[in-house]
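# Observations on the model geometry
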Protein chains: 2
Amino acid sequence: MAGHLRVLGIDPGLTRCGVGIVDVASNRSASLVYVGVVRSAADAPIERRLATIAAGIRTAIAEHRPDVVAVERVFSQQNRSTVMGTAQASGIALLIAAESDLPAATHTPTEVKAAVTGYGGADKLQVQTMVARILRLDTLPQPADAADALALALCHAWRSGPRATTANGALTPAQRAWADAERLTRR
Amino acid sequence: MAGHLRVLGIDPGLTRCGVGIVDVASNRSASLVYVGVVRSAADAPIERRLATIAAGIRTAIAEHRPDVVAVERVFSQQNRSTVMGTAQASGIALLIAAESDLPAATHTPTEVKAAVTGYGGADKLQVQTMVARILRLDTLPQPADAADALALALCHAWRSGPRATTANGALTPAQRAWADAERLTRR
């Protein structure tokens, strides 16, 4: 869409890599373009798993032509057994962005949760609920990795884009809808 | 060389990524094909740094056509600030192996040190010294990342290849030279 920023959000992972694309207008309103999860078999060799993830991300870029790629930042403090695979998948996502001549950015899970729910410690259901409301989806995006990828894309657009208001400084209709949705989630 | 296994060893890193290629015969004798370090600027965006590393690895593969790629395994327990970047670089190396239709393997630092020095806790100088002796180099491979990449390639060939002996079970000349070199290093 003209006047919109198209953001590809990637929630990196080897078993499930969330891929979400949204169009975000300068007034912060957003619409869903694509959401999916790239999966790789846990019993496949690591290099094959990474190639599967890479192919899925390249396909999403080729089909939907995002303007920018946002990837969740991985921390070594997350001492899960999967953290190295997650870091490797995030490296693949960033590499593909660079090789596709797209700008890339990383955001922390806390930044992403705060951006879509107003609370950095929000749980997965809150994130899914807010993403569905913001994008006016009839059902919650499933699985959580898919919702997280969309949340990441929204976070990036909102943190980097202009925060438009109406001439008198009041909220635009889209901003009001977003604020309403936020309020509803904080039950 | 015919009858040799050509191994590309990669010591992953963002600031310095060691790249070493050796030819290893079935009698374990080895010779240097290539050694180098791919560097990326610490102040460049992460996606550009990964693309620089990827380009360097792809060039080494295109020019030297290895049979297999060996990458150092990264652990989250290595709680250095660089561990996530190292993991990302290792993911890039494994991805490029898969996309080059080459088999890939990972080895731990302990396995690598034990393979070339006989001691899993060997220090960097010991590894450099043994790599130089095994490959009959006049000087120590520099920097340590380059030596580590060569050690990784040797480790992979020796762990996966046949351990040939002469018909009467004695050491071949190359094995004897290697055993001598080992003994000299354990001063």
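Residues numbered from 1 in each chain as written. Chains lettered and ligands numbered in written order. Predicted model: local features only at pLDDT ≥ 70, side-chain atom pairs only at ≥ 80, totals over all residues. Heavy atoms only, no water.

Let us look at the relation of the copies chain A and chain B. With an RMSD of 0.0 Å, the operation that places chain A on chain B is a rotation of 180° combined with a shift of 0.0 Å along the axis. Between the two chains, the operation in question is that of a two-fold axis. Minimal C-alpha separation from the rotation axis in chain A is found for A:Gln88, amounting to 2.2 Å. When you check the interface residues of chain A against chain B, 100% turn up at the interface there too, and the contact is symmetric in its surfaces. (Least-squares fit on C-alpha atoms with pLDDT ≥ 70 in both. Contact = heavy atoms within 4.5 Å.)

Residues and elements named next belong to chain A. Overall, mixed pairing links the five strands, which are arranged β3-β2-β1-β4-β5 in an open sheet. The strands lining the two open edges of the sheet, one partner per strand, are β3 (30-39) and β5 (104-107). Between one strand axis and the next, the sheet turns through 20° on average, direction left out of account. Examined bridge by bridge, strand β4 (residues 68-72) and β5 share four bridges and lie parallel to one another. Counterpart to Val69 in the pairing with β5 is Ala104. (Pairing = 2+ DSSP bridges. Helix = DSSP H or I, 4+ residues; strand = E, 2+ residues; numbered from the N terminus. Axes fitted to C-alpha atoms, helices over the stretch in contact; angles between N-to-C directions.)

Using the residue numbers shown here, the UniProt feature "binding site: Mg(2+) 2" (unreviewed entry) corresponds to A:Glu72. Looking at where A:Glu72 falls in the secondary structure, it is placed in strand β4. (UniProt positions renumbered as here; feature names shortened; annotations may be inferred.)

Residue and element names in this part refer to chain B. The strand order across the open sheet formed by five strands is β3-β2-β1-β4-β5, and the pairing between neighbours is mixed. Edge positions in the open sheet fall to β3 (30-39) and β5 (104-107), since each of these has one partner strand only. Mean inter-strand twist for the sheet, computed between neighbouring axes without regard to direction, equals 20°. In this structure, strand β1 (residues 4-11) lies alongside strand β4 (residues 68-72), joined through four bridges in parallel fashion. By the bridge assignment, Val7 is partnered in β4 with Val68. Lying over the sheet, helix α1 (residues 46-64) contacts β1, β2 (16-25) and β3, oriented at roughly 155° with respect to β3.

Quick look at the interface of chain A and chain B now. Listed by partner, the interface residues are 24 residues for chain A and 24 residues for chain B. Between chain A and chain B, a total of about 2,000 Å² is buried, with carbon and sulfur atoms accounting for 62% of that surface. A per-residue breakdown of the area chain A buries against chain B is headed by A:Glu47, A:Met84 and A:Leu95, which together make up 27% of the total. Along the contact surface separating chain A from chain B lie six residue pairs in polar contact (both at pLDDT 80 or more). Those elements giving two or more residues to the side of chain A that touches chain B turn out to be α1 (46-64) and α2 (83-99) of chain A. The dominant element in the side of chain A that touches chain B, judged by the number of residues it contributes, is α2(A), at eleven residues. Here the residues of the side of chain A that touches chain B sort into 14 nonpolar, five polar and five charged. (Buried area = accessible area lost by both parts, 1.4 Å probe. Polar contact = N/O pair within 3.5 Å; in protein donor to acceptor, adjacent residues only side chain to side chain. Nonpolar A, V, L, I, M, F, W, Y, C, P; charged D, E, K, R; others polar.)

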